[in-house]
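One-letter residues, chain by chain:
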Amino acid sequence: MTTALITHPDALTHVTPPGHPERVARIEAVNEALTAPEFTFLIREAAPLADASQALNGHPQGYIDKLRAAVPVSGEVALDPDTWLSPGSWQAALRGLGGCLRAVDMVLGGEARNAFVAMRPPGHHAEARRAMGFCLLSNAAIAAKYALDHHGLARVAVMDFDVHHGNGTQDILWDEPRALFVSTHQMPLYPGTGAPDERGAHDNILNVPLPPHSDGARFRAEVERQVLPRLDGFAPDLLIVSAGFDAHRADPLAQLDLGAEDFAWVTERLCDIADAHCGGRVVSTLEGGYDLDALAASVAAHVKVLMERGA
Ligand SMILES: [Zn+2]
């Protein structure tokens, strides 16, 4: 077994206005980084198109209908000042979701030890009834529900190290006792949620806010003190990672001071948890990361660890 890389050219068809940080060039940078020789042995898989009904694991039908109806025939329309739709957005969103669900199938079916889904738009800000923060479908939360309901797992953990709080994932998993959601994020920062007292209906959420200018040492200390013991105690049957790389010191949208080596480190620690409890089964999905060079280097570091640990 090894590591699957799941992507699709439809990730390029979700177009945002000029100057928008969540842009087509992000996936181009990721794809370019993953063409290096060290990534030759990835299992490369095309993200299938999810059926819209699969999004019902996280969103009500009314939301899905409204989102699809808002997709323009030409040009771009804004759902809010951050979140845009272009003619290809619905297709891209369904490919992103399909990629995450395929990753779950591959990892749980023994086709790969772990998987990285390199798609956009990201998902972790999309709440059950509201698109926001560049996000349309809440991929990580839906993948968690899918692993629980479709594959019959008892416990699924989602760890989100994007610099922004994963409010959408939290919203959808809030009252799901079979899921643990853990998020490290800068606070204060968009979207404003993610305080430690937000703990879920079943004490199934752990928020670990970090002050601006926290560096890698501070991040690692909090992960070791809070995140790892909580994940270890939960003993997940699958670990899903919302892998945003905008906590990098070069990122223009936030003020944490992490580097690619810190993303490699946290990936190692998450693989330790997965090794201890679920045969190393990790599904990681791309969230943020808006400095192209930092994003490329950070994704490369993340996937390199997944490959080493998945071999
Ligand atoms: Zn982010």
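This one's a predicted model, so the numbers in the text were calculated from it and none came from an experiment.

A. Structural context of the coordination of the zinc ion. Within the protein, D162 (OD), D162 (OD), H164 (ND1) and D246 (OD) serve as the donor atoms for the zinc ion, at 2.0 to 2.8 Å. Its four donor atoms give the zinc ion angles of 52 to 153 degrees at the centre, a pattern that matches the irregular case.

B. Expanded view of unusual backbone geometry. In this model, R120 is joined to P121 through a cis peptide bond whose omega is 5 degrees. Looking at the secondary structure, you find P121 in the loop between β5 (114-117) and α4 (139-149). A cis amide bond links M187 to the next residue, P188, at an omega of 0 degrees. In this fold, P188 is placed in the loop between β7 (179-186) and β8 (205-210).

C. Focus on the environment of G98. Structurally, the position occupied by G98 is in helix α3 (residues 89-108). As for G98 and L49, which are separated by 49 residues in sequence, their C-alpha atoms are 5.1 Å apart. With near-sequence residues (within four places) excluded, G98 lies in contact with P48 and A50.

D. Broad picture of the sheet that holds β8. If you walk across this open sheet you meet the eight strands as β2-β1-β5-β10-β9-β6-β7-β8, and the pairing is parallel. Only two strands of the sheet have a single neighbouring strand rather than two, namely β2 (43-46) and β8. Pairwise comparison of adjacent strand axes, ignoring direction, gives a mean angle of 15 degrees for this sheet. One ladder, built from four bridges, connects strand β1 (residues 3-7) with β5; its direction is parallel. Following the sheet pairing, I6 is matched in β5 by V117. Seen against the sheet, helix α7 (residues 260-278) touches β6 (156-160), β9 (238-243) and β10 (282-286) and runs at an angle of roughly 165 degrees to β9.

E. Layout of the packing of α7 against helix α8 (residues 292-310). For the pair α7 and α8, the least separation of the axes is 8 Å and the interaxial angle reads 30 degrees. Classed by the angle they form, the pair α7 and α8 counts as roughly parallel. For the pair α7 and α8, the sense of crossing is right-handed. Between α7, through A260, F263, A264, T267, E268, C271, D272 and D275, and α8, the contact on the second element is made entirely by A297, S298, A301, H302, V305, L306, E308 and R309. Here the contact of α7 with α8 is built from residues that sort into eight nonpolar, three polar and five charged.

F. Region of the structure containing α3. The end-to-end C-alpha separation of α3 is 29 Å, in line with the 28 Å expected for 20 residues at 1.5 Å each. Extensive coverage of α3 is indicated by the burial of 18 of its 20 residues. Looking one or two places after α3, you find G110, whose phi comes out positive at around 80 degrees.

G. The arrangement of the pairing of β2 in detail. Pairing geometry for β1 and β2, over four bridges, is parallel. Considered in β2, the bridge of T7 is made with A46. The parallel pair β1 and β2, bridged by helix α1 (residues 24-33), forms a crossover whose chirality is right-handed.

H. Structural context of the pattern of salt bridges. Counted by the stated rule, this structure contains 20 salt bridges. Residue D149 is joined to R178 by a salt bridge in which the shortest nitrogen-to-oxygen separation is 2.8 Å. With a gap of 29 residues between them, D149 in helix α4 and R178 in the loop between α5 (167-173) and β7 connect regions that are remote in the sequence. Residue R178 is classed as partly exposed on the basis of its relative accessible area of 29%. A salt bridge links E222 to R218, with the shortest nitrogen-to-oxygen separation between them at 3.6 Å. Taken together, the residues span about one helical turn, with E222 and R218 both in helix α6 (residues 216-234) at a distance of four residues.

I. Structural detail: the layout of surface pockets. A volume near 250 Å³ is recorded for the largest pocket. The class makeup of the residues in the lining of the largest pocket is six nonpolar, one polar and four charged.

J. Examining the side chain of S242 more closely. In this fold, S242 is placed in strand β9. Judged by relative accessible area, which is 0%, S242 ranks as buried. Within polar-contact distance, the side chain of S242 engages the side chain of E287 at 2.7 Å.

The rules behind the values
- Residues numbered from 1 in each chain as written.
- Predicted model: local features only at pLDDT ≥ 70, side-chain atom pairs only at ≥ 80, totals over all residues.
- Heavy atoms only, no water.
- Donors = N, O, S within 2.8 Å, 3.2 Å for Na, K, Ca; no water.
- Tetrahedral: all angles 85-135°; square planar, octahedral: opposite > 155°, others 65-115°.
- Helix = DSSP H or I, 4+ residues; strand = E, 2+ residues; numbered from the N terminus.
- Contact = heavy atoms within 4.5 Å.
- Pairing = 2+ DSSP bridges.
- Axes fitted to C-alpha atoms, helices over the stretch in contact; angles between N-to-C directions.
- Parallel < 35°, antiparallel > 145°, perpendicular 65-115°, else oblique.
- Left-handed = near helix turned anticlockwise from the far one by under 90°.
- Nonpolar A, V, L, I, M, F, W, Y, C, P; charged D, E, K, R; others polar.
- Expected span 1.5 Å × (residues − 1).
- Buried < 20%, exposed > 50% of the residue type's maximum accessible area, 1.4 Å probe, protein only.
- Right-handed = clockwise from strand over helix to strand, strands pointing away.
- Salt bridge = Lys/Arg side-chain N within 4 Å of Asp/Glu carboxyl O.
- 1 Å grid on protein atoms, 1.4 Å probe; cavity = no way out; pocket = protein on both sides within 12 Å on 5 of 7 lines; lining within 4 Å.
- Points joined across faces, edges and corners; volume = space filled by probe spheres on them.
- Polar contact = N/O pair within 3.5 Å; in protein donor to acceptor, adjacent residues only side chain to side chain.

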